[in-house]
Amino acid sequence: MPLQLVFATNNRHKLKEVAAKINGEIQLLTLQDIGCDQDIEETGSTFKENAGIKSHYIHTKYHMNCFGEDSGLIIDALNGEPGVYSARYAGEHGNHAANIKKVLEKLKGIENRKARFVTVISLIWNKDEHFFEGAVEGTIRHQPAGNGGFGYDPVFQPDGYDITFAEMSMEEKNKISHRAKAIEKVIAFLNKA
Ligand code: ITT
């Protein structure tokens with residue numbers, strides 16, 4: 001019988017990326033699978049706090065092993081923006097085109113394009129909370145490129161590559177991304193648990 005683990009996300013892209021990393025020993029359940037249609041409000045001021053809000057919401061209500069993930073883009077020249085506000089940087093939650101436009105406008109004329117994606121996962125396993133992190137360094141392109149992925153992927157070029165995350169296949173992105181690194185740590189933890 002595989003271990004059951006709920007992923008507390010409403011983001012289908014995150015779900016797809018994480019599901020592709022998980023093998024048969026863990027059965028990933030979605031919010032839909034457990035009958036939860038709640039949009040869990042992210043009121044924290046750090047990735048860690050927000051990740052914990054999502055996992056605790058599910059654990060308190062459904063008493064199941066679960067994890068929440070909070071992630072975002074940190075741009076050095078913008079003092080870490082959009083950071084925890086990545087999903088709603090231009091106002092409306094999840095308006096990726098508007099978010100990208102805002103980033104490119106703010107970076108106009110700025111030479112330092114260094115940025116990183118970060119992920120924090122809060123895993124609640126046998127009632128205890130454990131945190132896992134992942135990050136990937138890169139630069140912000142001047143123009144979007146590619147149709148894959150989601151969010152800021154069309155303007156994020158990871159270090160060591162000459163294409164953006166949106167120009168990669170999901171498998172390629174999933175080898176090096178912030179989310180992939182964090183979920184690999186979760187899998188290693190569960191394999192020892
Ligand atoms: P849940 O809270 O339901 O998990 P969400 O999309 O609201 O989904 P977050 O609050 O963690 O997730 O916001 C993450 C935002 O950061 C996301 O909307 C993107 O704008 C950006 N982001 C995170 N990971 C990304 C990735 O791999 N590629 C591109 N953008 C990413």
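Residues numbered from 1 in each chain as written. Predicted model: local features only at pLDDT ≥ 70, side-chain atom pairs only at ≥ 80, totals over all residues. Heavy atoms only, no water.

Undergrad: Looking at this model, I keep getting lost on helix α3 (residues 96-106). Mind explaining?
TA: Along an α-helix, residues three or four apart share an orientation, since each turn contains 3.6 residues. Listed in full, the buried residues belonging to α3 are N99, I100, V103 and L104. Down the axis of α3, the smallest arc covering the buried residues is 130°, so these residues share one side. Among the exposed residues of α3, those oriented more than 90 degrees off its buried face are A97 and K101. Buried residues belonging to α3 abut β3 (66-75) and β5 (128-140). (Buried < 20%, exposed > 50% of the residue type's maximum accessible area, 1.4 Å probe, protein only. Helix = DSSP H or I, 4+ residues; strand = E, 2+ residues; numbered from the N terminus. Arc of directions from axis to C-beta. Contact = heavy atoms within 4.5 Å.)

Undergrad: How do you make sense of unusual backbone geometry when you look at a structure like this?
TA: Apart from glycine, the bulk of residues carry a negative phi angle, and the bulk of peptide bonds sit in the trans form. The amide bond that connects E81 to the next residue, P82, takes the cis arrangement and shows omega of -5°. Following the sequence through the fold, P82 ends up in the loop between β3 and α3. Non-glycine residue H63 carries a positive phi angle of around 55°. Following the sequence through the fold, H63 ends up in the loop between α2 (47-62) and β3. Using a relative accessible area of 63% as the deciding quantity, one classes H63 as exposed. Positive phi is not limited to glycine here, since N126 has a value of about 50°. By the secondary structure assignment, N126 is in the loop between β4 (114-125) and β5.

Undergrad: I would appreciate a short explanation of the packing of aromatic side chains in the present structure.
TA: For any pair of aromatic rings, geometry is given as the distance between the ring centres together with the angle between the planes. Within the structure shown, the criterion is met by 5 aromatic pairs. Aromatic pair F117 and F165: ring centres 6.0 Å apart, planes at 5°, arrangement stacked. Of the two residues, F117 sits in strand β4 while F165 sits in the loop between β6 (156-158) and α4 (170-176), which places them 48 residues apart along the sequence. Neither residue differs from the other here; F117 and F165 are each classed as buried. For the cation-ring pair, K48 lies above F131, with the distance from its terminal atom to the ring centre recorded as 4.6 Å. The ring of Y89 has K102 lying over it, and the distance from NZ or CZ to the ring centre is 4.3 Å. (Phe/Tyr/Trp six-rings, centres within 6.5 Å; stacked < 30°, edge-to-face > 60°. Lys NZ or Arg CZ within 6 Å of the ring centre and 35° of its normal.)

Undergrad: What am I meant to see in the site of the ligand here?
TA: Neighbouring residues of the ligand: 22 residues in total, closest T9, E42, K54, D153 and K173. Contact between the ligand and E42: an oxygen atom at 2.7 Å from a side-chain N or O atom of the residue. Across the complex, the protein chains shield 95% of the 620 Å² of accessible surface that the ligand would expose by itself. Ranked by residue count, the leading element in the shell around the ligand is β3, at 4 residues. Here the residues of the shell around the ligand sort into 4 nonpolar, 10 polar and 8 charged. (Near = heavy atom within 4 Å. Polar contact = N/O pair within 3.5 Å; in protein donor to acceptor, adjacent residues only side chain to side chain. Areas by Shrake-Rupley, 256 points an atom, 1.4 Å probe, with all protein chains shown as cover. Nonpolar A, V, L, I, M, F, W, Y, C, P; charged D, E, K, R; others polar.)

The quantities given are spatial measurements derived from coordinates; they are silent on function.
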